[in-house]
Structure formats: C-alpha cells, structure tokens
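# Geometric and topological summary
Here's the letter readout for the chains.
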Amino acid sequence: MEVLDLIRPIFVKLTPYSSARDEYSGKEGVFLDANENPFSSVTGESFNRYPDPYQWACKEKLAKIKGVKPEQIFLGNGSDEAIDHLIRITCTPKEDNILILPPTYGMYKVCADIQEVGIQEAPLTEDFEIDPDTVFDSINTATKIIWICSPNNPSGNSLDREAILQIVKAFPHKMVVVDEAYVDFSSEPSFIQELDKYPNLVVIQTFSKAWGMAGLRIGTAYAHPEIIKILNKVKYPYNLNQLTQAKLLESLDKEEQKNTYVKEILALRDQLEESLKPLAEKIFPSQSNMLLVRFKDAKALFHYLLGQKVIIRDRTSVILCKDCLRITIGTAEENKILLEKIEEFYKK
Ligand SMILES: *Cc1c(COP(=O)(O)O)cnc(C)c1O
C-alpha cells in the first residue's frame, strides 16, 4: 500500500500557497519580500515579521522529546485543527464516512457534519471497551477514518491496546487516528512509538490538558511524513502565531513541570475518588484528569451544583452514560467545595 492512497487525489495534486519566505530560510538579510512594516509593531513589540509557517524550531525540540522526526509532526491551532484537516484530506463530502466509537469526543462528529461527511458508529461496551466485532461490522468501503480516543473522553479509561492494534493492522487502507489528548495522565504508553510500523496510523496529542496551555491553542498530529506534507498543504500558512510558537518553545524546556502537575493531579484524582465513593452509585476507572461518575438524581444534582457556581459536565443524555456526570480534577480546594456541595444536595 502507498500511504498517499489514503489521501484524496485533489490534495495529492494541490499546489499550496507559497509564502514570501519559502525561497529563503536564513535569519539575516534585507527582507523586502513580504510587505511587512520594517520598523516595529505599534505596540512596541516585534510582531512585524511573519512567523515560520512550518514552526521548525518547535518541531525540532518536540521531536527529541517524542522520539520522532520533525517531518512526522503537524502543529495546529488546537488538536481540533488537525481533526478538521484529517477529515478533509481523506473524505469526499457526501460520499465518504468516518467511524467513531461513542461515547466519545464531540469534535469528530462536528467536523464531519461541517464537511458533509457521514458518520458510522460502533459503540463501546457497557464498561467503555472496544468491541472489535462491532467495529468490523460498522466499517464499509466508504469509511476513510477510524477514530479511537484513548484515554477516552468522557469515560476516562484507556482502551485495550491489543484491540486498537488489531484494528490498525486489519485496515491498512484506512486511516486510524488515535486521539491521545489525555495520554500524559495514563500509565499506558503512547502509540507514537508504533508510527514507523503502521503508515496508516495517526496520533493526536495536545498541549491543552497536562501541559496547561489550553489558552494558547496548540495541538499536534504525529504521522507518516507524506501525510504531514499533505496537512501542511491544507492548513492556513501561518496557523501558529509568533507568540504561540515562542511560548511553545519555552514550554518544551519545562517538561518536568508538566510531569509534576500530572503527579499532583493524579494524587488529587485518587483522593476525590475515595471521597466520592459514599456519594456516588458508580465511579468509572480513569486514566485521565477526569472522573465519569454515576449519581442518583444526576440531572438535579448537576443543576444544583450549577446554581452553586460549581460547574461540571452533564453527560446524562450521552449514549451509555445514563445518570453520569463528568468531573474534571481541580485543586484540593476546588475538589473540597465540590464534595461539600454534593453532600449538601443529598442532605436536602
Ligand atoms: C480536550 C480534548 C482535545 C483537545 O483539543 P484542543 O483543540 O487541542 O484543545 C482533543 N481530543 C480530546 C479527546 C479532548 O478531550
């Protein structure tokens, strides 16, 4: 199989926008090519030059941390950008479809809907595991991407590694995307290390969760260099601005801080889980920074908390999540307030 067989021919042929600085990569020079302001920015900071469209400095640093080549990395304005582009480059509108495994992250369906791409669903089991038979039965010739979210949002668990690999191997002509937004919190290894073996595999990660940079909007896709080249053709030329690239570079020197946050959040998660036990009907096992919890009178509890300005996520109408609320792990103080308010609700 050729990896470009996964891609719609129009994108293989597409000539992308050629930015002014594509012809010259040096830092020094007299730059009279991009119609920029030669002095400075009106704010006094130096934002007057266009940023690197391929973010090479960031990718070189990130590549070392992740054990991949810079050419295997796509950086986007949040991982949502990667999700959108991946659907665009593989699925012809009104013809093709993607397979999702609900309950799962909502953006896969939204991006498909926006592009008039169909959705096939292969629900997880009652305990939020992959059912390979359901997956195999739900795939048809028009299915171009299989989306697997692990650890899964909203259930929080990591999906069975062998089942995922079985799917990747069984469908070499379809793209399998493993969304690892929560991988930093998981004891399971990343699928990034499998990329060299499976050209149809794409791994998505984000700086929004463990790294604490949701406000900057930085998501990543790791894939075969040929797929990354196509993503680079369809993205906006300057999709990560100069400030964001600078902050990303800075953050990549601080992986230890991320690891410290992760440890602290995991300890707080275990505490919160213990404290919730007497109040909940069921707490689902989590490998992430959230807990999916089944409560008695869940909907009323959700609204009571909202009235008390404690905001959690109502998942009660999501498939397999009857009476379930999703709780993000907060600080010790925030978790304490949450627990007090839940206790208050059940005493009434
Ligand atoms: C939070 C989340 C993301 C991250 O999206 P960004 O656009 O990078 O902030 C991606 N996938 C899943 C499953 C998530 O829960």
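Criteria and thresholds
Residues numbered from 1 in each chain as written. Predicted model: local features only at pLDDT ≥ 70, side-chain atom pairs only at ≥ 80, totals over all residues. Heavy atoms only, no water. UniProt positions renumbered as here; feature names shortened; annotations may be inferred. Helix = DSSP H or I, 4+ residues; strand = E, 2+ residues; numbered from the N terminus. Near = heavy atom within 4 Å. Polar contact = N/O pair within 3.5 Å; in protein donor to acceptor, adjacent residues only side chain to side chain. Areas by Shrake-Rupley, 256 points an atom, 1.4 Å probe, with all protein chains shown as cover. Contact = heavy atoms within 4.5 Å. Buried < 20%, exposed > 50% of the residue type's maximum accessible area, 1.4 Å probe, protein only. Pairing = 2+ DSSP bridges. Domains from an automatic or database assignment. Buried area = accessible area lost by both parts, 1.4 Å probe. Salt bridge = Lys/Arg side-chain N within 4 Å of Asp/Glu carboxyl O. Nonpolar A, V, L, I, M, F, W, Y, C, P; charged D, E, K, R; others polar. Axes fitted to C-alpha atoms, helices over the stretch in contact; angles between N-to-C directions. Phe/Tyr/Trp six-rings, centres within 6.5 Å; stacked < 30°, edge-to-face > 60°. Lys NZ or Arg CZ within 6 Å of the ring centre and 35° of its normal.

We now examine the UniProt feature "domain: Aminotransferase class I/classII large" (unreviewed entry) in the protein chain. UniProt feature "domain: Aminotransferase class I/classII large" (unreviewed entry): in the numbering of this structure it lies at residues 43–342. Counting secondary structure, residues 43–342 comes out at 37% helix and 16% strand; the distance between its end C-alpha atoms is 48 Å.

The next thing to look at is the site of the ligand. Taken together, 14 residues sit near the ligand, with Ser-79, Tyr-182, Thr-206, Lys-209 and Arg-217 positioned nearest. Between the ligand and Ser-79, the relevant distance is 2.6 Å, taken from an oxygen atom to a side-chain nitrogen or oxygen of the residue. Contact distances for the ligand include 3.3 Å between an oxygen atom and a backbone N or O atom of Asp-80. Coverage of the ligand by the protein chains reaches 94% of its 390 Å² of free accessible surface.

Moving on, we get to the UniProt feature "modified residue: N6-(pyridoxal phosphate)lysine" (unreviewed entry) in the protein chain. What UniProt calls "modified residue: N6-(pyridoxal phosphate)lysine" (unreviewed entry) maps, in this numbering, to Lys-209. Structurally, Lys-209 is set in the loop between strand E6 (201–206) and strand E7 (219–222). The contacts of Lys-209, once residues within four sequence positions are left out, are Ala-181, Tyr-182 and Phe-185. Reaching out from Lys-209, the side chain makes a polar contact with the side chain of Tyr-182 at a distance of 3.1 Å.

Okay, the pairing of strand E11 (residues 324–328) next. A large share of E11 lies buried, amounting to 4 of its 5 residues. In the sheet, strand E9 (residues 290–294) pairs with E11 via 5 bridges, with the strands oriented antiparallel. Bridging across to E11, Arg-294 finds its partner in Cys-324. Direction of pairing for strand E10 (residues 313–314) relative to E11: antiparallel, over a ladder of 2 bridges. Looking at the pairing, Arg-313 lines up with Arg-326 of E11.

In terms of domain boundaries, the protein chain breaks down into domain 1 (3–251) and domain 2 (256–347). The C-alpha centroid of domain 2 is placed 29 Å from the C-alpha centroid of domain 1. Between domain 1 and domain 2, the contact holds 23 residues from the first and 20 residues from the second. Counting each side, the surface lost to burial between domain 1 and domain 2 is near 1,700 Å², with a carbon and sulfur contribution of 68%. Looking only at domain 1, the three residues that lose the most surface to domain 2 are Phe-128, Pro-154 and Phe-185, adding up to 35% of its buried area. Counting across the interface, domain 1 meets domain 2 through 1 salt bridge. There are 4 residue pairs in polar contact (both at pLDDT 80 or more) connecting domain 1 and domain 2. A breakdown of the residues in the side of domain 1 that touches domain 2 according to their chemical character gives 11 nonpolar, 9 polar and 3 charged.

Below, the discussion takes up the sheet that holds strand E3 (residues 118–121). The mixed open sheet is built from 7 strands, whose spatial order is E1-E7-E6-E5-E4-E2-E3. The open sheet is flanked by strand E1 (73–76) and E3, the only strands paired with a single partner. Averaged over neighbouring strand pairs, the angle between their axes works out to 25° when direction is ignored. Across 3 bridges, strand E2 (residues 97–100) lies against strand E4 (residues 143–149) in parallel orientation. Across the sheet, Leu-99 pairs through a bridge with Ile-146, a residue of E4.

Scanning the model with the defined rule gives 9 aromatic pairs in all. An angle of 50° between the planes, with centres 5.2 Å apart, marks the rings of Phe-136 and Phe-171 as tilted. Of this pair, Phe-136 sits in helix H5 (residues 132–138) while Phe-171 is found in the loop between helix H6 (161–170) and strand E5 (175–179), placing the two residues 35 residues apart along the sequence. Cluster of aromatic residues (ring-pair linked, three or more members): Tyr-105, Tyr-108 and Trp-147. Just above the ring of Trp-56 sits the side chain of Lys-59; from NZ or CZ to the centre is 5.0 Å. Taking the ring centre of Phe-191 as reference, the NZ or CZ of Arg-161 above it sits at 4.2 Å.

It is worth spelling out the environment of Arg-315 at this point. With respect to the helices, strands and loops of the structure, Arg-315 is situated in the loop between E10 and E11. Taking the C-alpha atoms as reference points, Arg-315 and Ile-139, 176 residues apart in sequence, are found 27 Å from one another. Once you skip the residues sitting within four places of it in the chain, Arg-315 turns out to touch Pro-154, Leu-292, Cys-321, Cys-324, Leu-325 and Arg-326.

Let us look at the sheet that holds E10. The strands making up a sheet associate through hydrogen bonds between their backbones, and the pairing can be parallel or antiparallel. Spatially, 4 strands are ordered E8-E9-E11-E10 in an open sheet, and the strand pairing comes out antiparallel. Pairing within the sheet leaves two strands with one partner each, and these edge strands are strand E8 (282–283) and E10. Contacts between helix H10 (residues 298–307) and the sheet are confined to E10 and E11, with E11 contributing the most and set at about 35° to the helix.

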